[in-house]
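Structural characterization, general
Each chain is listed here by its residues.
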Amino acid sequence: MSSTVPGEAFDWFSRETLGQGITRLWEPHVHPYFRSNIFHVRGRDVDLVIDAGMGLVPLRPVLGLQHGKPVVAVATHIHVDHVGALREFETRAGHRAEAAFFEDMADEHTLAHLFRAQPEAVGRAPNEAWSPQRFRISPAPLARILDDGDLIETGDRSFRVIHLPGHSPGSIGLFDERNGDFLAGDAIYRGRLVDDLPGSDMRLYRKTMERLLQIDFNQAYCGHGETIDLSELRSIARAYLDKPSAS
Ligand SMILES: [Zn+2]
Ligand SMILES: [Zn+2]
C-alpha cells in the first residue's frame with residue numbers, strides 16, 4: 001500500500017508500509033536517478049532510519065517518531081541521495097572507509113555536483129526559494145563508525161553490518177540474520193548497477209557480488225526501487241558477474 005505523507009509546503013514523500021515494522025519512504029519529485037529509498041525500522045527500544053534521502057525538505061517530522069525514543073540514523077554510503085537529511089538525526093552511523101567524508105560532505109565524496117548539474121533535478125521545487133545551484137549538504141559527523149560484522153541493535157532485532165564496497169568504498173548493508181531481512185543500500189537493486197562513479201571500484205564490486213551470493217537473505221530492501229526477493233537478488237548478482245570484467 002502506498003500513500004503520501006503530508007510534508008512541509010506540500011506532500012513531498014511517498015511511503016509504503018512493509019512487514020516487520022519497516023516503512024519505505026521515497027521522494028517522487030526527485031529525478032529518478034537520485035530517487036532513493038529511506039527505511040524507518042521501528043524497534044522495541046530504538047528506531048533505525050536507514051538512509052536520509054536528498055534533504056530537500058525536513059525528513060524527521062514525517063517519520064512519526066515517538067518522543068524520547070532513541071533513533072539511530074545509518075548511512076549506507078556517502079552519496080548525495082542517501083545523506084541529505086542525515087544531520088537531522090543526532091546519532092549517526094556509517095562505515096569507516098567513508099567516515100571522514102561526513103565531516104564536511106564535500107562534493108567530491110557526496111557527488112552533489114551531479115545532482116546540481118542534472119537537468120530537471122526535481123519535477124517540482126520543494127519550496128519557492130529553492131534552486132539547484134544553492135543545493136548543499138550539511139556536514140553530519142558520525143557518532144558511530146561501523147565495521148564489517150558490527151551489530152546494530154533495536155532491542156528486538158539485531159542487524160549485522162556487511163561491508164559491500166564497489167559502488168562506493170564504504171557501502172554497507174544491514175542484515176537481520178534471524179529473519180533474513182537485508183537492507184542493501186546501493187550494493188544491489190533492480191536496474192543498472194552503478195559502478196563507474198568516482199570512488200567506484202569494479203573489482204571490489206565483483207567481490208561484493210560473490211559475497212552476496214553466499215548469504216541466505218529473505219528479502220532485500222534496496223537503496224533504490226522495489227523490494228526484491230532472494231532469487232531476484234541472486235540473478236542480479238550473477239548477471240553482474242557474467243559481465244565482461246573491465247580489468
Ligand atoms: Zn550511491
Ligand atoms: Zn543511491
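Taking an unreviewed UniProt entry as the reference, the protein chain is identified by name as MBL fold metallo-hydrolase belonging to Mesorhizobium newzealandense. Recorded in UniProt for the protein chain, the comment headed Sequence similarities (unreviewed entry) runs: "Belongs to the metallo-beta-lactamase superfamily. Class-B beta-lactamase family."

1. Thoughts on the coordination of the zinc ion (ligand 1)
On the protein side, the zinc ion (ligand 1) has His77 (NE2), His79 (ND1), His167 (NE2) and Asp186 (OD) as donor atoms, found 2.1 to 2.4 Å from it. Of note is the zinc ion (ligand 1), whose four donor atoms meet at the metal with angles of 86 to 179° in an arrangement that counts as irregular. Taken in chain order, the donor set of the zinc ion (ligand 1) reads H-x1-H-x87-H-x18-D. A separation of 3.4 Å is found between the zinc ion (ligand 1) and the zinc ion (ligand 2), which share aspartate 186 as a coordinating residue. An identical accessibility class is assigned to histidine 77 and histidine 79; each is buried.

2. Remarks on the packing of aromatic side chains
A complete count under the given rule lists eight aromatic pairs for this structure. A centroid spacing of 5.2 Å and a plane angle of 75° characterise the contact between phenylalanine 34 and phenylalanine 115, whose relative ring orientation is edge-to-face. Here the residue phenylalanine 34 occupies a position in the loop between strand S3 (22-26) and strand S4 (37-42), and phenylalanine 115 occupies one in helix H3 (residues 112-116), the gap between them amounting to 81 residues. For the pair formed by phenylalanine 34 and phenylalanine 115, the shared burial category is buried. With a centroid separation of 4.0 Å and 20° between ring planes, the pair formed by phenylalanine 182 and phenylalanine 217 is classed as stacked. In this pair, phenylalanine 182 is assigned in strand S12 (residues 181-185) and phenylalanine 217 in the loop between helix H4 (202-212) and strand S13 (219-222), connecting sequence segments 35 residues apart. Classification of phenylalanine 182 by relative accessible area gives buried; the value is 0%.

3. Description of the coordination of the zinc ion (ligand 2)
The coordination sphere of the zinc ion (ligand 2), as far as protein atoms go, consists of Asp81 (OD), His82 (NE2), Asp186 (OD) and His224 (NE2), spread over 2.1 to 2.2 Å. Around the zinc ion (ligand 2) sit four donor atoms, and with donor-metal-donor angles ranging over 89 to 159° the site reads as irregular. One chain supplies every donor to the zinc ion (ligand 2), and in sequence these donors are spaced D-H-x103-D-x37-H.

4. Here we look at the nonpolar core
Formed by 35 residues in total, the largest nonpolar core has its most connected members in Leu56, Leu59, Leu86, Phe115 and Phe135. Going through the elements one at a time, strand S6 (71-74), helix H1 (80-83) and H3 are the ones with two or more residues in this core. With residues near it in sequence (within four places) discarded, phenylalanine 135 still touches Met54, Leu56, Val80, Ala112, Phe115, Arg116 and Trp130. Core analysis: the second largest hydrophobic core is formed by 27 residues, Leu197, Ile215, Cys222 and Ala237 among them.

5. Here's the deal with the UniProt feature "domain: Metallo-beta-lactamase" (unreviewed entry) in the protein chain
Feature annotation in UniProt places "domain: Metallo-beta-lactamase" (unreviewed entry) on residues 35-224, given in this structure's numbering. In residues 35-224, the share of helix is 13% and the share of strand is 23%. The end C-alpha atoms are 7 Å apart.

Rules used in this analysis
Residues numbered from 1 in each chain as written. Chains lettered and ligands numbered in written order. Predicted model: local features only at pLDDT ≥ 70, side-chain atom pairs only at ≥ 80, totals over all residues. Heavy atoms only, no water. UniProt positions renumbered as here; feature names shortened; annotations may be inferred. Donors = N, O, S within 2.8 Å, 3.2 Å for Na, K, Ca; no water. Tetrahedral: all angles 85-135°; square planar, octahedral: opposite > 155°, others 65-115°. Buried < 20%, exposed > 50% of the residue type's maximum accessible area, 1.4 Å probe, protein only. Phe/Tyr/Trp six-rings, centres within 6.5 Å; stacked < 30°, edge-to-face > 60°. Helix = DSSP H or I, 4+ residues; strand = E, 2+ residues; numbered from the N terminus. Core = buried A, V, L, I, M, F, W, Y, C linked by side-chain atoms within 4.5 Å. Contact = heavy atoms within 4.5 Å.

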